[in-house]
Amino acid sequence: MIPTVARITGTGRGLPSRIFTNDDFASIGIETSDEWIMERTGIHERRIASDTETTCWMAATASRQAMARAGVTAGEIDAIILSTATPDRLLPATAVDLQAELGATRAAAFDISAACSGWLYGLTVAEGMIASGAIDTALVVGAEKMSAIIDWKDRSTCVLFGDGSGAVVLQRNKSGERAGILSTFMRSDGCLANLLYRPDGGAAHPMTAEILENRTHLVKMAGREVFKHAVREMSEAADRALDSAKLRAADIDLLIPHQANTRIIEATAKHANISMDKVYVNVDRFGNTSSASIPIALDEVIEKKIVGPGSTVMMVAFGAGFTWASAIVRL
Ligand code: ACO
């Protein structure tokens, strides 16, 4: 039995305190209903961050919990990898703000931009850095303040997203056991970028009064097209993760899919031949928190003891880009 390179030794989550329910949209003039949103997405409520609950604040809250559970101090962290589509500032990376906030004085720190798949990308990069011998201990964080980039006047997107952060400590596996990351998989297709994107406000089209007026710096999405690809690509990611771990669906104790909506989750589980009682769903409480969704869910299932030492967990994500990714870990 070959031991794994790296294992997750602690998890945490950082969530804003304000709960915004489907019924609350009426108070901001959005014509929708709990019934419409629940039927199509399974989302009932999401967290919305205040001005002081920044991406870095949520990331630091999740990180401190993950470090405490791993028994790791800030000084022991070699690398901070922060996945976000909503950095607090455009320069420098939010990861360095997190590094400063935690006092992780020995750590390299950088952001990853791969939308909802970003945390799994980050986990894969961290495992590779451990395998190369460059580092021993990484903090891998997904942190998103989606409320800052969605168009609060577009009812077809603003009902879908929420804010939050999840983090894990990933460390070199010195146990000799086959516990930790069993397989990972990553893919992208930039030909489909314009199905889910922020058209303007970047370096190609820097911010102007016209952009602000037209709201083209905010998230635009072709919902039905995204839906179709999400199901197809998340299904592929599940197959590839199982193949490279040399496992079958029956070996998986729990599937944690990216929490975009319940219909995508159900279709992915069906394709992977995993029954819904082995699938974790919290999209009803948090909406789509992009790359924070999987680490938030992982932290919840460990805290609730739905899984524990020895459990095999498959995680699958899909996001803007498009990007898609998966990982199987034994806890
Ligand atoms: N409340 C009420 N009515 C609405 C709302 C709303 N919030 N939003 C749209 N509608 C209306 C539309 O105006 C439209 O009305 P019309 O027929 O009179 O024009 C009608 O509902 C149907 O609109 P569609 O967009 O066709 O609705 P659809 O059934 O496709 O559902 C949805 C939309 C939920 C967005 C669906 O396409 C979906 O789930 N797509 C995947 C989106 C997603 O999860 N993206 C993120 C995944 S990737 C990532 O996480 C980055």
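Residues numbered from 1 in each chain as written. Predicted model: local features only at pLDDT ≥ 70, side-chain atom pairs only at ≥ 80, totals over all residues. Heavy atoms only, no water.

Chemist: For this particular structure, what's the right way to read the packing of aromatic side chains?
Modeler: How two aromatic rings sit relative to each other is given by the distance of their centres and the angle of their planes. Throughout the structure, instances matching the rule amount to four aromatic pairs. Relative to Phe322, the ring of Phe318 has its centre 4.7 Å away and its plane inclined at 50 degrees; by these criteria the two rings are tilted. For Phe318, a relative accessible area of 5% corresponds to the buried category. Accessibility expressed as a relative area gives 0% for Phe322, which makes it buried. Here the aromatic cluster, defined as three or more aromatic residues joined through ring pairs, consists of Phe20, Phe25 and Trp152. (Phe/Tyr/Trp six-rings, centres within 6.5 Å; stacked < 30°, edge-to-face > 60°. Buried < 20%, exposed > 50% of the residue type's maximum accessible area, 1.4 Å probe, protein only.)

Chemist: Got a minute to help me understand the domain arrangement of the protein in this structure?
Modeler: By a frequent convention, interface size equals the accessible area lost on bringing the separate parts together. Looking at the assigned domains, one finds that the protein contains domain 1 (6-172) and domain 2 (180-330). Distance from the C-alpha centre of domain 1 to the C-alpha centre of domain 2: 14 Å. The interface of domain 1 with domain 2 comprises 54 residues on the first partner and 47 residues on the second. For the pairing of domain 1 and domain 2, the buried interface totals around 3900 Å² over both sides, and the portion due to carbon and sulfur atoms is 61%. Of all residues in domain 1, Arg13, Cys116 and Leu120 bury the most surface against domain 2, accounting for 17% of the area lost on that side. Here domain 1 and domain 2 share six salt bridges between them. Between Asp151 and Lys220 there is a salt bridge, with the nearest N and O atoms lying 3.8 Å from each other. Seen at the junction of domain 1 and domain 2, the total is 23 residue pairs in polar contact (both at pLDDT 80 or more). Elements supplying a minimum of two residues to the side of domain 1 that touches domain 2: strand S1 (6-14), helix H1 (34-41), strand S3 (45-47), helix H2 (55-70), helix H4 (118-132), strand S6 (137-145), helix H5 (155-158) and strand S7 (163-172). Class assignment for the residues of the side of domain 1 that touches domain 2 results in 23 nonpolar, 18 polar and 13 charged. (Domains from an automatic or database assignment. Contact = heavy atoms within 4.5 Å. Buried area = accessible area lost by both parts, 1.4 Å probe. Salt bridge = Lys/Arg side-chain N within 4 Å of Asp/Glu carboxyl O. Polar contact = N/O pair within 3.5 Å; in protein donor to acceptor, adjacent residues only side chain to side chain. Helix = DSSP H or I, 4+ residues; strand = E, 2+ residues; numbered from the N terminus. Nonpolar A, V, L, I, M, F, W, Y, C, P; charged D, E, K, R; others polar.)

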